[in-house]
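In case you want the letters, here they are:
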Amino acid sequence: MASNLKNLSDYSDKNLTDMGKKKFAIVVSEWNEEVTESLYQGAYETLIANGATKENIIKKMVPGSFELSMGAQWMAQKEEIDAVICLGCVIQGETRHFDFICDAVAHGITNVSLKYNKPVIFGVLTPNTQQQALDRAGGKHGNKGDEAAITAVKMLGF
Ligand SMILES: Nc1c(NC[C@H](O)[C@H](O)[C@H](O)CO)[nH]c(=O)[nH]c1=O
Ligand SMILES: CC(=O)[C@@H](O)COP(=O)(O)O
């Protein structure tokens, strides 16, 4: 369902497990920092709202979304980390670079999740324009960071 039909920040809190004892790594891309910082704030606040403690939320920055997979692996391999949330924003430019980054990071994050058998969440926006990104980072379509955090919560309550 497209984001314009389902707000990214809407979720039911029924049957969600309390995250009081869970430890999270949030890996954030520096590219398009205005957007990714908004995604981070949404993810952080959603985890806190579901019982996570600030001491159990670790933030790590990587240069770009392509590096999210490496950052996710470095965090997922830590035994004490229960879930990793990857946040980025890849905006379509004039060339096919967009396609290669999006494909690489989607596959890379999936591989890390399966390799370490723990949730590694794909919280990466892949818009055509800056405005589409802003609309999904706390704008009219909600916040992808909220969605990524609640996805981690749901997976930990599987
Ligand atoms: N154009 C965007 C990038 N490009 C940088 C890559 O992610 C990567 O850091 C570089 O290719 C070196 O490996 N990254 C984004 O996150 N968003 C973009 O729009
Ligand atoms: C996704 C990108 O790397 C992109 O922003 C780069 O822009 P361009 O394709 O015009 O070089």
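From a predicted model like this one, the values you see are computed outputs, not experimental measurements.

Visitor: Would you mind going over the pattern of salt bridges in detail, with residue names and values included?
Guide: Scanning the model with the defined rule gives two salt bridges in all. In this structure, the salt-bridge partner of E37 is K59, at a minimum N-O distance of 2.9 Å. Here E37 is found in helix α1 (residues 33-49), whereas its partner K59 is found in strand β2 (residues 57-62), with 22 residues between them in sequence. According to the relative accessible area criterion, E37 is partly exposed, its value standing at 22%. For K59, a relative accessible area of 33% puts it in the partly exposed group.

Visitor: Describe in detail the packing of aromatic side chains, supporting the description with residues and values.
Guide: Each aromatic ring pair is summarised here by two numbers: the centre-to-centre distance and the angle between the ring planes. If you walk through the whole model with that rule in mind, you get one aromatic pair. Residues Y40 and Y44 carry aromatic rings whose centres are separated by 5.9 Å and whose planes lie at 35° to one another, so their mutual orientation is tilted. Taken together, the positions of Y40 and Y44, both in helix α1 and four residues apart, correspond to about one turn of that helix. According to the relative accessible area criterion, Y40 is buried, its value standing at 9%. Using a relative accessible area of 22% as the deciding quantity, one classes Y44 as partly exposed. Just above the ring of Y40 sits the side chain of K59; from NZ or CZ to the centre is 4.2 Å.

Visitor: Go over the packing of helix α2 (residues 68-76) against helix α3 (residues 97-116) with me, naming the residues and quoting the values.
Guide: Running from N to C, α2 and α3 point in directions that differ by 15°, and their axes come no closer than 8 Å. Taken together, the axes of α2 and α3 lie roughly parallel to each other. As for the relative orientation of α2 and α3, their crossing is right-handed in sense. Together, L68, S69, A72, Q73 and A76 of α2 and A104, V105, G108, I109, V112, K115 and Y116 of α3 make up the contact between the two elements. Along the lines of polarity and charge, the residues of the contact of α2 with α3 split into eight nonpolar, three polar and one charged.

Reading guide: rules and limits
- Residues numbered from 1 in each chain as written.
- Chains lettered and ligands numbered in written order.
- Predicted model: local features only at pLDDT ≥ 70, side-chain atom pairs only at ≥ 80, totals over all residues.
- Heavy atoms only, no water.
- Salt bridge = Lys/Arg side-chain N within 4 Å of Asp/Glu carboxyl O.
- Helix = DSSP H or I, 4+ residues; strand = E, 2+ residues; numbered from the N terminus.
- Buried < 20%, exposed > 50% of the residue type's maximum accessible area, 1.4 Å probe, protein only.
- Phe/Tyr/Trp six-rings, centres within 6.5 Å; stacked < 30°, edge-to-face > 60°.
- Lys NZ or Arg CZ within 6 Å of the ring centre and 35° of its normal.
- Axes fitted to C-alpha atoms, helices over the stretch in contact; angles between N-to-C directions.
- Parallel < 35°, antiparallel > 145°, perpendicular 65-115°, else oblique.
- Left-handed = near helix turned anticlockwise from the far one by under 90°.
- Contact = heavy atoms within 4.5 Å.
- Nonpolar A, V, L, I, M, F, W, Y, C, P; charged D, E, K, R; others polar.

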